[in-house]
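Listed here are the chains, written in short residue letters.
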Amino acid sequence: MESERKSAAVSVQGLTKHYGKSPALRGVDLEIREGEIFALLGPNGAGKTTFVEILEGFRHRDGGEVRVLGMDPNHQPMALKTRIGIVLQSSGMDRYLNVAETVAMYSSYYPQPRPVDEILELVGLTQKRDERVLRLSGGQQRRLDVAIALAGNPDLLFLDEPTTGFDPSARREVWDVIKNLRSLGKTVLLTTHFMDEAQYLADRLAVIANGRIVAEGDPATLAGRDRMRATIRFTLPEGARPPAHLSAEVVVGSSYEVSSDRVTQDLHDLTSWALGSAIDLEDLRVDRPSLEDVYLELTSETDPYHEETR
Amino acid sequence: MNSAAMLSTQVKYVNKAFWRNPASAFFTFAFPLMFLVIFTSLLGNHTIKVSANGPTIAISTYYVAAMAAYAVISATYNNIAIGLAIQRDSGVLKRTRGTPIPSGIYILGRLIHAFFVAVILVVITAAYGRLFYHAALPTGRPLAEFLVMLLVGTMAFCALGFAITTVIPNADAAPAVVNASILPLLFLSGIFIPLASNAPSWLLWIARIFPVRHFALGMDAGFVGSPFNWTDVLIVAAWGVGAFAVSYRFFTWEPKR
C-alpha cells in the first residue's frame, strides 16, 4: 500500500463538489499511476470537467482528499502549476503570434522549461514554427495546445476532451501526438466522451456518470467485458422454428437471438440442428458487447432520473 | 526566470501581438490623429479660453492637448477592456491562469505596454501639433507635471479598463459597453467640443465627477499653459484606486456564462 501511494501521480478519495444545490461529484475515488495514460470517460454533464478542474486547481472541492503529484491543489497551487501542463477544452491563444513565439512565451513562465525546438519536434510543428496561429488548422492548433502544455516540461499532463468537434484526420493527428507522450514517460489524464479514443490511447480508464465512478479498469477487461454473455444471431427460413432447448428469442419476423455464456456449445447445438434439418442459417453471427455497449449500459444505469425516483 | 525578466518578456510578447493586430493598431493610432486633423481643419482659425482666467489660445493647440488625452484614454481604457474581454472569452486568460506566471506580472505587463503606447501617441500628437500648428510644447516644471498626470492617468484608465470588464458579458458586447461608457463622457468633458463657460450646470457637474475632464485639464496644462491643479491628479488617481479595488474583487479569468 505504502509503495503504491508513492507511485501515484493522482490520488483522490471521497471527492465531492456541488454547484448550488445540484451535486456535480458525489464521492469520487481514483488513483492514477505515474507514467500511465489514463482516460476518464463519461457523457456530457457527468462531472469530467469539474473533476479535472479541481485537480488542476481551477476549482475548489467541497469535500474529500486530493493529491496531485503529492500536492494539494487548494494549498500549493503555484508549486503544482510548475509541474503540470493543461490543455483546456476551448483553446484560446494569441492569434497574432507565431507558433515558436507562442511556445517561447509560455516557456518563459516556467522555472525549468523544455527547449522550444524540442517541443515543436514532439508535436510535429517544426515545419510550422514561423506560421501565425490564426493560419493554423484545427488539428495544428490542438497540437500547439499540447506544445504549450509541454512548455514547462511537466510531469503530469491534463487533456480535456482533446478531439471534440474534430474531423477524423484531425483526430488522428492529435492521437498520434498523445501516443508520442508515452515515450516521454509523462503521466496523462485524458477526458473524453469517445469510446474509441479511450480504447486507442489509454492504459487504464474509468467511466464517470452522474458524478460517480461507475467502472474502472483497462480497456480490454473493463466491467468484466470478456466474461460477459455473447449474443448469437441468425435468421431462419419461412416456417422454421429453432430447437426449444436453445431458448432463442424472436427479434423481428424470423430473426432470432440467443444470449449465451457457452458460445462453443450453443453454436455446435445450433449448427448440428440446422445441418440435420437441412436449414440454412442466414446471417449467422456471434456478437460480444463492445466497449461502447458496456459504456452505454454503465452510464444509463446511473441515469439521474433513476436516482431521483428511487 | 526572475520576476523582472518574466515581466519584460511578457511586455515583449504583448507588444508583438499588438502591432500585428491591424484593428488595435489602427483604432489606437489612426483615430486620434484623424480626429485631430478633422477638428483642426474645421475650426483651426478660432481662438478659445480654456478656463475663465486662463490664456486665450488657438483652437488647434486646444485640440492637440484634447486629442492627446483622447489617444491616451483609447490606448488604455478601450484597448485593455476590449482586449481582456476577448482574451477572457477565448480562454487565453484561463490558460494563463493554469501556468505559474503570477497574475500581478501578467497584468503589470499589459499596463506597462499600454503606458508605452500612450507615450508614443502623445509624442506623435505633440510633434504633429508642433509641426503644423506651432503648438507650444511643455518644458521644465510643466513638463514634469505633465508627465505625472500622464503616468497617473495611464494607470487609472488601465484600472478602469480592468474594472469595466467585470460588467462586460462577452467579447461581442465589449466594444458596445466600452463605447457606451466612454463616448458620452468624452463629449461631456470637452474632449471633442470645448466646454463653454455657459454650459448647463448639470453637464459641468458630470464633468467634475468623472475622471476624463480632470485628466484632460492636466494635459492642457502641459500644452496650453493653463494652471496645473494637483486636485485633478488626485481625482484621477482616486478613480484609479477605486477601479483597482473593483477589479481586485470582481475580475474573472474565466469566460462568463
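In this text, all values refer to a predicted model and were calculated from it rather than measured experimentally. Chains are numbered independently. Their residues run from 1 in the order of the written sequence. For naming, the first written chain is A and the first written ligand is 1, with later ones following in the order written. Local features in this predicted model are restricted to residues whose pLDDT is 70 or higher, and side-chain atom pairs enter the listing and the counts only when it is 80 or higher, whereas totals over whole chains, interfaces and linings include all residues. For side-chain calculations, the full set of non-hydrogen atoms in the structure is used, while hydrogens and water are omitted.

Chemist: Let's hear about the layout of surface pockets: which residues, and what values?
Modeler: Roughly 1,200 Å³ of volume is contained in the largest pocket. Definitions used throughout: a 1 Å grid over protein atoms alone; a cavity as a set of points that fits a 1.4 Å probe which cannot get out; a pocket as an open set with protein on both sides within 12 Å along at least five of seven lines; a lining residue as one with an atom within 4 Å of a point. As for the largest pocket, its lining consists of 49 residues, of which B:N21, B:S24, B:I82, B:G83 and B:I86 are closest to the centre. Listed by contribution, the elements that provide at least two residues to the lining of the largest pocket are α4 (99-107) of chain A together with α1 (3-20), α2 (22-43), α3 (59-90), α4 (92-97), α5 (103-133) and α7 (174-188) of chain B. If you tally residues by element for the lining of the largest pocket, the top one is α3(B), at eleven residues. As a volume, the second largest pocket reaches approximately 670 Å³. Helix and strand assignments follow DSSP, with helices taken as H or I runs no shorter than four residues and strands as E runs no shorter than two, numbered in order from the N terminus. Only α3 (77-81) of chain A together with α5, α6 (140-164) and α10 (230-250) of chain B provide two or more residues apiece to the lining of the second largest pocket. Residue contributions to the lining of the second largest pocket peak at five residues, all from α5(B). Grid points are joined across faces, edges and corners, and a volume is the space filled by probe spheres set on the points.

Chemist: I'd like to hear about the interface of chain A and chain B, residue by residue, with values.
Modeler: Reports often express the size of an interface as the amount of accessible area lost when the parts come together. Contact between two residues is taken to exist if any of their heavy atoms lie within 4.5 Å; hydrogens are not considered. Contacts between the two partners involve 25 residues from chain A, matched on the other side by 26 residues from chain B. Where chain A abuts chain B, roughly 2,400 Å² becomes buried across the two surfaces, and 57% of that area is made up of carbon and sulfur atoms. Its largest share of buried area at the contact with chain B, chain A owes to A:F58, A:Y96 and A:Y109, together 27% of the area lost on that side. For B:E254, the salt bridge identified is with A:R59, shortest N-O distance 3.4 Å. In the analysis that follows, any N or O atom pair within 3.5 Å is treated as a polar contact, provided that within protein one partner can donate a hydrogen and the other can accept it, and provided that, for residues neighboring in sequence, both atoms belong to side chains. Joining chain A to chain B, the criterion identifies eleven residue pairs in polar contact (both at pLDDT 80 or more). Secondary structure elements with two or more residues in the side of chain A that touches chain B: α3, α4 and α6 (138-150) of chain A. Ranked by the residues each element gives to the side of chain A that touches chain B, the list is headed by α4(A), at four residues. Residue classes follow a fixed rule: Ala, Val, Leu, Ile, Met, Phe, Trp, Tyr, Cys and Pro count as nonpolar, while Asp, Glu, Lys and Arg count as charged, and any other residue, Gly among them, counts as polar. Taken together, the residues that form the side of chain A that touches chain B break down as 13 nonpolar, five polar and seven charged. Summed over both partners, the accessible area (1.4 Å probe) lost when two parts come together is defined as the buried area. Think of a salt bridge as a Lys or Arg side-chain nitrogen and an Asp or Glu carboxyl oxygen that are within 4 Å of each other.

Chemist: Would you mind going over α4(A) in detail, with residue names and values included?
Modeler: Only protein chains enter the accessibility calculation, which uses a 1.4 Å probe. A residue is then buried if its area is under 20% of the maximum for its type, exposed if over 50%, and partly exposed in between. Of all the nine residues making up α4(A), eight are buried; the element is thus mostly covered by neighbouring parts of the structure. Considered for burial, the residues of α4(A) that qualify are A:V99, A:A100, A:E101, A:T102, A:V103, A:M105, A:Y106 and A:S107. Looking at the packing, one finds that the buried side of α4(A) touches α5 (116-123) and α6 of chain A together with α1 and α4 of chain B. The N-cap of α4(A), judged by a side-chain oxygen 3.1 Å from the amide nitrogen of A:A100 a few residues on, is A:N98.

Chemist: Now, about the side chain of B:R213: what can you tell me, with residues and values included?
Modeler: All names here are of chain B. Mapping R213 onto the fold places it in helix α9 (residues 211-224). His is not counted, nor are the chain ends; Lys and Arg add positive charge and Asp and Glu add negative charge. Of the side chains bearing the opposite charge, D220 lies closest to the buried R213, which forms no salt bridge; the N-O distance is 5.2 Å. Within polar-contact distance, the side chain of R213 engages the backbone oxygen of S189 at 3.3 Å.

Chemist: So, the sheet that holds strand β1 (residues 8-19) of chain A: which residues are in play, and what are the values?
Modeler: Across a sheet, paired strands are connected by hydrogen bonds in the backbone, their directions being either parallel or antiparallel. Residue and element names in this part refer to chain A. At least two bridges found by DSSP between two strands are what make those strands a pair. Strand order in the open sheet made by the three strands is β2-β1-β4, with antiparallel pairing throughout. Edge strands, defined here as strands with exactly one partner in the open sheet, are β2 (22-33) and β4 (63-68). Geometrically, the sheet is characterised by an average inter-axis angle of 15° between neighbouring strands, direction not taken into account. Two elements, β1 and β2, share nine bridges in a ladder whose sense is antiparallel. Within β2, the position partnered with T16 by the bridge is R26. As a rule, the C-alpha atoms of each element are fitted with a line to give its axis, helices using only the stretch in contact, and angles between N-to-C directions run from 0 to 180 degrees. Each of β1, β2 and β4 touches helix α2 (residues 48-56); the most contacted strand, β1, lies at about 120° to it.

Chemist: Which residues make up empty space enclosed by the protein, and what values do they have?
Modeler: For the coordinates displayed, the defined rule picks out one cavity of 30 Å³ or more. Taken as a whole, the largest cavity holds about 70 Å³ of empty space. Breaking the lining of the largest cavity down by element, the ones donating at least two residues are α6 of chain A together with α4 of chain B.

Shape is all these values report; function is a separate question.
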